[in-house]
Amino acid sequence: MNSGKSFAAADAKNGAASATQSHENARQKIVVLDFGSQYAHLIAKRFRALGYYSEIAMPSANVSEFENAKGIVLSGGPASIYEKGAPQFNAEILELEIPILGLCYGHYVLQKGYGGKIQKADTGEFGFAMLKIDSEKKCPLFEGIESTCEQQVWMSHQDEVAEMGAGFEAVGATKDCRFAATQNLSRTRFSLQFHCEVKDTPCGNQILENFARLCGMQKNWNQDAVLETILQNIRRDSCKDGAEKNVLLFLSGGVDSTVAFALLNRALGQKRVLGLHIDNGFMRKNESAKVERAYKEFGFENFICKDASLSFLDAVSGITDPQKKRVAVGENFIRVRDDFFAEQNLAPEEWMLAQGTLYPDIIESGGTKNSHTIKTHHNRVQGIQALIEKGMVIEPLKDLYKDEVRAIGKKLGLSDSLVMRHPFPGPGLSINVLCSQGALSESEREEFEKASEEISAIRFTQFCEHCTQRMEKYILPVRSVGVQGDFRTYRFPAVISFGDEGGGFFHLPKLWEKLDSASVQITNSSRYINRCVIRLYQKEGARMELRRGFCTKERLDWLREVDDIVLSALHESGEYAKIFQHLTIALPYSGGEGCASFVLRPVVSEDVMTARFAELPQDLLKSIVRKIAALDFCDAVFFDLTNKPPATFGWE
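Residues numbered from 1 in each chain as written. Predicted model: local features only at pLDDT ≥ 70, side-chain atom pairs only at ≥ 80, totals over all residues. Heavy atoms only, no water.

On to helix α19 (residues 618-629). For α19, with twelve residues, the first-to-last C-alpha span of 16 Å sits near the 16 Å given by 1.5 Å per residue. Burial in α19 covers these residues: Q618, L620, L621, I624, V625, I628 and A629. Against α17 (512-524), β21 (529-538), α18 (553-573), β26 (596-604) and β28 (634-640) lie the buried residues of α19. (Helix = DSSP H or I, 4+ residues; strand = E, 2+ residues; numbered from the N terminus. Expected span 1.5 Å × (residues − 1). Buried < 20%, exposed > 50% of the residue type's maximum accessible area, 1.4 Å probe, protein only. Contact = heavy atoms within 4.5 Å.)

A few words on the sheet that holds strand β15 (residues 351-354). On the basis of which strands lie adjacent, the open sheet formed by five strands has the order β14-β13-β12-β15-β16 and parallel pairing. Each of the sheet's edge strands pairs with one partner strand only, and the pair in question is β14 (303-307) and β16 (393-394). As paired strands, strand β12 (residues 246-250) and β15 are joined by four bridges and run parallel to one another. Following the sheet pairing, L249 is matched in β15 by A354. (Pairing = 2+ DSSP bridges.)

With that settled, the discussion passes to the nonpolar core. By size, the foremost hydrophobic cluster in this structure holds 145 residues, and its most contacted members are L263, L476 and F639. Look past the residues within four positions of L476 in its chain and what remains in contact with it is F448, F492, P493, V495, V533, L587, Y589, F638 and W651. If you look at the next biggest cluster of nonpolar residues, it comprises 34 residues, including L101, I133, A180 and A181. (Core = buried A, V, L, I, M, F, W, Y, C linked by side-chain atoms within 4.5 Å.)

So, on to empty space enclosed by the protein. Under the criterion given, the structure shown has three cavities of 30 Å³ or more. Looking at the second largest cavity, its volume works out to about 80 Å³. Taken together, F126, G127, F128, W154, S519, V520, T523, N524, T642, N643, P645 and P646 form the lining of the second largest cavity. Of all the elements in the fold, those that place two or more residues in the lining of the second largest cavity are β5 (117-133) and α17. The element contributing the most residues to the lining of the second largest cavity is α17, with four residues. Tallied by class, the residues present in the lining of the second largest cavity amount to six nonpolar, six polar and no charged. (1 Å grid on protein atoms, 1.4 Å probe; cavity = no way out; pocket = protein on both sides within 12 Å on 5 of 7 lines; lining within 4 Å. Points joined across faces, edges and corners; volume = space filled by probe spheres on them. Nonpolar A, V, L, I, M, F, W, Y, C, P; charged D, E, K, R; others polar.)

Time to look at the sheet that holds strand β1 (residues 29-33). Ordered in space as β2-β1-β3-β4-β9-β8-β7-β5-β6, the nine strands form an open sheet in which the pairing is mixed. With partners counted over all chains shown, the strands left at the sheet margins are β2 (54-57) and β6 (151-163), one partner each. Each neighbouring strand pair of the sheet contributes to a mean axis angle of 30°, computed without reference to strand direction. By the bridge criterion, four bridges tie strand β7 (residues 169-174) to strand β8 (residues 177-184) in an arrangement that is antiparallel. (Axes fitted to C-alpha atoms, helices over the stretch in contact; angles between N-to-C directions.)

With that settled, the discussion passes to the pattern of salt bridges. Per the stated rule, a full pass over the model turns up 27 salt bridges. Between K219 and E209 there is a salt bridge, with the nearest N and O atoms lying 3.6 Å from each other. Here K219 is found in the loop between α5 (204-214) and α6 (223-237), whereas its partner E209 is found in helix α5, with ten residues between them in sequence. A relative accessible area of 15% places E209 in the buried class. In this structure, the salt-bridge partner of R284 is D563, at a minimum N-O distance of 3.0 Å. On the criterion of sequence distance, the pair formed by R284 in the loop between β13 (273-279) and α8 (287-298) and D563 in helix α18 is long-range, its members being 279 residues apart. (Salt bridge = Lys/Arg side-chain N within 4 Å of Asp/Glu carboxyl O.)

Take unusual backbone geometry next. Both trends apply: most residues other than glycine have a negative phi, and most peptide bonds are in trans. In the segment running from K644 into P645, the intervening peptide bond is cis, with an omega of -10°. Among the structural elements, P645 can be located in the segment after β28. Here P645 and P646 are connected by a cis peptide whose omega angle stands at 15°. Positionally, P646 belongs in the segment after β28. Positive phi values are uncommon outside glycine, yet T188 reaches one of about 55°. Counting through the fold element by element, T188 comes out in the loop between β8 and β9 (189-192). The partly exposed category is assigned to T188, whose relative accessible area is 25%.

Shown next as structure tokens:
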């Protein structure tokens, strides 16, 4: 395929489409106020996907910034509105005579702004809840939504509205939240405790569509406009001090860097763009060779493959802290870049760095004023930040989410083999190898014991009597990262297990929904647990303990073998395309030295901000586990039953 010709033809088409847009419509917008929630930009994205242009603003913004706004949405956020340090909010915004919708934290802001009372909830809600709409009260937000039956919604809150603001009435409630939906029709104000912007609230798009109509918005946003905006931004940002800069992009082979590379090539031409694929030693089995072949088949000629695996392995040697590991990987990319410039006799001042950073990467790194750090992303380490401050970094995808990136990739003509690949982050498998000195610290031991007390106290009723009698519950002596109420948590995973069926294999209950319910019950009722897994295999006679282990080539090779078994089976069965991403996690937890345990983590997601664990066909899963168990270095296999929230996709 001749990428240059296809790019030029599509450019002309997109430019024409953009030029035909109404100038008046282009000025109309819905403004989302970002209180630091992981979901703030997802709200804007949902409106854009529905065809309505949306922008982000700070809650302290001057009212002059809303001159062309047709409506305002107040996002969720990690703070408690009644505590010191809550985000500043310009109360004059409430005086604007345009519709306002508050979501989660925004629900509190709206209620408090009109004299309501907010307090700590007796029972927080994380994950699914069932909303009962009051059919006696007409609410324009719920037009077209069935009110005679309960609607599934997604909750993530620990506070609640205790008293509504003046003029508001309740129009919806859940079991644990009596003011889950409210309205003040005289002022065209609405507030919802739940997140209608996520896919796990099925009626959410209808709610947002109804709000846009209440705002009098006209559809004015589409993929052509998105693509043209990105291309214009690349051309603008690549010019510094009146000179056109060349652009270097690290190519992991994942969806994000591949689409970013295609965009740069279209906007600037292959002569000004260079892709560098680095085998950092953290790639999947035979991954670098596959990436090189796929790029050549597409028509990319402006990329180089380089083996820097020893450099990266040395950079993470002996590191156990997950955030320090990410930083080490990110900083080493800068060193490799500098070495590459020297080897190729390239002048650094003539080259900018491009990255396939998405908005979730930025928000999870604490990249907005009110957000909290969920993880340290390798694209936001100190060396990268220094380049960003100098204006030497281009991130064409930084305002997009994964499904939008894939749509842009398809529009650019990229094949499904490139666009529909499961995400593969720059640090690769390094962040899937959990590391340990072999013992918990004193504070970790205390939290481990508290987590053990919590899991022991939980009683289940949803399993059949046979399963319940055979159930075993315990805590893994490793911690994993999670996100609850927009805060980063670093807590212990719970294990549930259902009787040895011989040969070290354990029973897998037939109904996924019962396992899901058990996982939700555990994480919702625990302070020191943020994840739940089911044990499917443990080598007979193995005395499982936390072991000393680092990110070494040996452990990475183990992980590659296990990961390849899973991905091959998913491809062969046709399940690969049905899930968003599969991660294989290696734990320093085994019956002896030279062995490890592995966690299988397939997830289903459309927006990355929320996810469900993938309910794989059980015969397929059992077959996968048996193949992994046959590896001499495998002592145990677990399957992650946790949704996001409260857990993130990965464990580090």
